[in-house]
Amino acid sequence: MATLTDAIDEPEVRDGLEILASEGMASWLDEQNVSLVFGTPPSKMWMVGIGGEGELSIFDRTLDKVMGLATDQRGTILAGTRFEVWRFEDMLRDGQTTPDGHDRLFFPRVVRKVGNINIHDVGLCADGSDLIVNTRFGCLASTSDEVDFIPRWYPPFLDRRGQGDCCHLNGLAMEDGAPRYVSCVSTSTTVDSWREGRRDQGVLIDVATNEIVARGLSMPHSPRMHEGGLWVANAGTGELCRVDPITGSVEPVAFGPGFLRGLSFVGPYAVVGSSKPRRGDLYSGLPLDDALAEHGMDAHLGIFVIDTRTGDLVHWLLIEGKVRELFDVCVLENTKRPAFIGLQGPEIASELWFDDQLPGHEALDHALGVVR
Amino acid sequence: MAGLVELLPMPPLPTKGFLDALGSTRSTLIVVEASRVWSLSVAASGELLSTVATIDGAVAATWCAERLWISAGFQLWSFSEVERRSGGVPRPSFLPQEAFSIGQLDVTDLVPGGEKPIICAALLDCLARAHDNLSIEPVWVPPWIDSFRPETRSYLTGATVGPDGRVVITSAAMTTEPKGWLPSLEGSGVVVDRDGSVLASGLSLPRQPRYVGDDLVIIESAAGTVRQVGGGEVTPISTLPGVLSSAAALDEQHLLVGHGAASRATVTGLSGGMNPEGDALCDRITLIAIPSGRVVGELVFEGYSGPITSMTLIPGRMGAEVVSPAGGAANALCAVGDFRPLF
């Protein structure tokens, strides 16, 4: 088990943010053949893999308040941001690398505006469409090219159909490209009253049956399905939990020093995001405060790798500086060293990707909507 | 105490003839002018209604598939219509909804297509459309182009689709040399159809061909001439001051032509058309009757302005406004679709 002090010697420093990782983090990523993508609001998205010498490869760009992340593991990443949902596509073919050695190059291809809806988790459906957690309107929604969002599902206890965050719907567990469970901080039905239920009124809901399958959670976030099991980051206690949706039992598997939020899996390992509560904010005054005191630990901002077989925190990556939140973390399978194009550099304008075969006669007809 | 003055672009000034003609369409005219997108229509009282949105890098606009599309910087934005109440009065608002990262293609024109507009991409000498996974999908290249290279060889300047489905394209030259169009700017321009047949040649930077009714009309930027193309002939029908930078059909009898000072043109160093003595040569839109060439009206943009690079009509909508993707209003306004259950 790693301790939070056995860092690699040389921390990375980027824009005043210091990145520290446990000694085994890079080799773990290498062994698992995965990379990580996550955001630290208000302005960064990160991709972490390994470089040619086995060292951590850290890539970051500016993106406005990255919240939920999802990937289909086939080259698409969906990123919910402050007002928009961006769809990134990997522009490299299998085996291709960029001149500087990146084996994935994600390009922000299409953006849809969703407005100020306090987007949280996002999901990619089997047909390629998206689902987003619209916290301000308390619903699951789809983005659209015609409107900001299309409401698709409301919690069964919520009779309001307008703006106003009553229950703080925040998390979405997808399974086989379909929505399965959501998390809410409470079942309140009046605007903002979810704040009163932060300590122990959180629930998980089966989206298909509308049944509440687990209760008594403390600010649950990031429900995820993994190998047939339901998991949740019980952020208010700092615990990663396994949930039995039949019995409603919630089994803490591991404690992580922080407000746990953002969850992904690699085999038996859980990759969990962690944010820093601050006295008097939304994430303080929770059982987590007592748990941190009991463990004699401070809360950290970063990523924890937890072995779900033992509950041990085996690797970590911490971010120090003037940020304190991390909303989601996503594992990119079969990826060593990813990169992405940001919105502010010259590449987004100058990098052109197209099929260089000259178009046939029918291409123009097709574009014109002409059927011959 | 210092006074605070909000600096807003001066609304353009119409002549009566312009107001009457625009008013009769009961539509909103969108004008793209140096990153400003003007929405212009005529109120029941006969006054010009104008709003302006700042959209960084906006160069071209078109109306396609019941949406407004604007090419701006590296993106192609679509704007969807919602009804917004302003002072109790409903007005059609066009909110930015979706954008494709097409790259900096030097877009010279947008043409209504099927579900998305066709992009006239001068950088790659092709017509193309936005793609979900790539920058663009090229859909047409002129016959003299045998491969894609980002180097603006012949400089495609516009395209249009006729009432009979005929596709017409303008090009500054027919060359395969990198930037080969520049040295031969005057007199090398052509109008071709999709098969590459040359409909007109010897033109000086022809641009944005348009059908006005059944009449094919082109503007010849560097000469300041409006020409009708048909029956194997190219007939000059009007000469306007300055460099002609954009064109749009207002209805089946009238063509709108954007023009202005050569020094502000996208391509500088052009002689442009006649510059009558004493004419301050503000950027302006002149409305001419087709095929007579008679000037019917004018809309003058006073003060500093940039080239008018594109115009399009939003049919059947009076008093429409465009909301900028970069402004706070786009994020504060939320168009909520009808509930569509998951299961």
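Here, every reference points to the structure presented above.
Since the model is a prediction, treat every value here as computed from it, not as a measurement.

**Student:** What is the right way to read the overall build of chain B from this model?
**Tutor:** Along the backbone of chain B there are 2 helices and 26 strands. Radius of gyration (C-alpha) of chain B: 20 Å, near the 20 Å computed for a compact globule of 343 residues. The C-alpha extent of chain B, read off along each of the three principal axes, is 60 × 55 × 45 Å. In chain B, 54% of the contacts between residues at least 6 apart in sequence involve partners at least 24 apart.

**Student:** What's the story with the packing of aromatic side chains in this structure? I'm lost.
**Tutor:** Centre distance and the angle of the planes are the two values used to describe a pair of aromatic rings. Residues and elements named next belong to chain A. Using the criterion set out here, one finds 12 aromatic pairs over all chains in the structure. Put simply, the rings of Phe-59, Phe-88 and Phe-340 pair up and form one aromatic cluster. The positively charged end of Arg-109 is found above the aromatic ring belonging to Phe-107, 4.1 Å away from the centroid. Over the face of the ring belonging to Tyr-269 we find Arg-309, whose NZ or CZ atom lies 5.6 Å from the ring centre.

**Student:** Explanation requested: the pairing of strand 15 (residues 189-193) of chain B in the structure shown.
**Tutor:** For a regular strand, side chains alternate in direction, first toward one face of the sheet and then toward the other. All names here are of chain B. For strand 15, a buried count of 5 out of 5 residues is recorded, marking the element as mostly surrounded by other parts of the structure. Pairing geometry for strand 15 and strand 16 (residues 198-203), over 3 bridges, is antiparallel. Paired with Val-191 across the bridge in strand 16 is Ala-200. Counting the residues in the hairpin turn of strand 15 and strand 16 gives 4 residues, including Gly-196, whose phi is positive at 90 degrees.

**Student:** Please clarify how the nonpolar core should be interpreted in this entry.
**Tutor:** One recurring pattern in soluble globular proteins is that nonpolar side chains are buried together. Among the nonpolar cores identified, the biggest contains 44 residues, and Met-45 and Phe-88 of chain A together with Ile-55, Leu-68 and Ile-70 of chain B are the most heavily contacted of them. When residues of this core are assigned to their parent elements, the largest contribution, 4 residues, is made by strand 9 (residues 104-113) of chain A. Those residues in contact with Leu-68 of chain B that lie beyond four places of it in its chain are Ile-30, Ala-61, Thr-62, Trp-63, Trp-77, Ser-78, Phe-79, Phe-94, Thr-312, Ile-314 and Val-322 of chain B. With 39 residues, the next largest nonpolar core counts Ala-363 of chain A together with Phe-100, Leu-123 and Val-192 of chain B among its residues.

**Student:** Would you mind showing me how to read the interface of chain A and chain B here?
**Tutor:** Think of interface size as the accessible area that goes away when the parts come together; that is how it is often given. Taken together, the contacts link 54 residues of chain A with 57 residues of chain B. Of the roughly 4500 Å² buried between chain A and chain B, counting both surfaces, carbon and sulfur atoms make up 61%. If you sort the residues of chain A by the area they bury against chain B, Lys-113, Arg-152 and Leu-364 of chain A come out on top, with a joint share of 15%. Scanning the region where chain A abuts chain B turns up 4 salt bridges. For Asp-365 of chain A, the salt bridge identified is with Arg-194 of chain B, shortest N-O distance 2.8 Å. Our count for the chain A to chain B interface comes out at 29 residue pairs in polar contact (both at pLDDT 80 or more). Those elements that provide at least two residues to the side of chain A that touches chain B are strand 8 (84-90), strand 9, strand 13 (150-153), helix 3 (347-350) and helix 4 (361-368) of chain A. Within the side of chain A that touches chain B, the residues separate by chemical class into 33 nonpolar, 8 polar and 13 charged. In the sheet, strand 9 of chain A pairs with strand 8 (residues 89-101) of chain B via 3 bridges, with the strands oriented antiparallel. Counterpart to Arg-112 of chain A in the pairing with strand 8 of chain B is Glu-98 of chain B.

**Student:** Can you help me understand the sheet that holds strand 3 (residues 36-42) of chain B in this one?
**Tutor:** All names here are of chain B. Reading across the sheet, the 4 strands line up as 4-3-2-25 and stay open at both edges, with antiparallel pairing between neighbours. Looking along the sheet, the strands with just one partner apiece sit at the ends: strand 4 (48-54) and strand 25 (308-314). Each adjacent strand pair in this sheet contributes to an overall mean axis angle of 20 degrees, direction not counted. Note: strand 2 (residues 28-33) against strand 25, 6 bridges, orientation antiparallel.

**Student:** How do you make sense of the pairing of strand 3 (residues 34-40) of chain A when you look at a structure like this?
**Tutor:** Residue and element names in this part refer to chain A. Of all 7 residues in strand 3, 7 are buried, a share of seventy percent or more. Burial along strand 3 is two-sided: Val-34, Leu-36, Phe-38 and Thr-40 and Ser-35, Val-37 and Gly-39, pointing in opposite directions, are all buried. Here 5 bridges tie strand 3 to strand 26 (residues 329-333), and the two strands are oriented antiparallel to one another. Opposite Leu-36, over in strand 26, you have Val-331 as the bridge partner. In this structure, strand 3 lies alongside strand 4 (residues 44-50), joined through 5 bridges in antiparallel fashion. Paired with Leu-36 across the bridge in strand 4 is Val-48. Between strand 3 and the antiparallel strand that follows it, strand 4, lie 3 residues.

Rules and cut-offs
- Residues numbered from 1 in each chain as written.
- Chains lettered and ligands numbered in written order.
- Predicted model: local features only at pLDDT ≥ 70, side-chain atom pairs only at ≥ 80, totals over all residues.
- Heavy atoms only, no water.
- Helix = DSSP H or I, 4+ residues; strand = E, 2+ residues; numbered from the N terminus.
- Rg over C-alpha atoms; globule rule 2.2 N^0.38 Å.
- Contact = heavy atoms within 4.5 Å.
- Phe/Tyr/Trp six-rings, centres within 6.5 Å; stacked < 30°, edge-to-face > 60°.
- Lys NZ or Arg CZ within 6 Å of the ring centre and 35° of its normal.
- Buried < 20%, exposed > 50% of the residue type's maximum accessible area, 1.4 Å probe, protein only.
- Pairing = 2+ DSSP bridges.
- Core = buried A, V, L, I, M, F, W, Y, C linked by side-chain atoms within 4.5 Å.
- Buried area = accessible area lost by both parts, 1.4 Å probe.
- Salt bridge = Lys/Arg side-chain N within 4 Å of Asp/Glu carboxyl O.
- Polar contact = N/O pair within 3.5 Å; in protein donor to acceptor, adjacent residues only side chain to side chain.
- Nonpolar A, V, L, I, M, F, W, Y, C, P; charged D, E, K, R; others polar.
- Axes fitted to C-alpha atoms, helices over the stretch in contact; angles between N-to-C directions.

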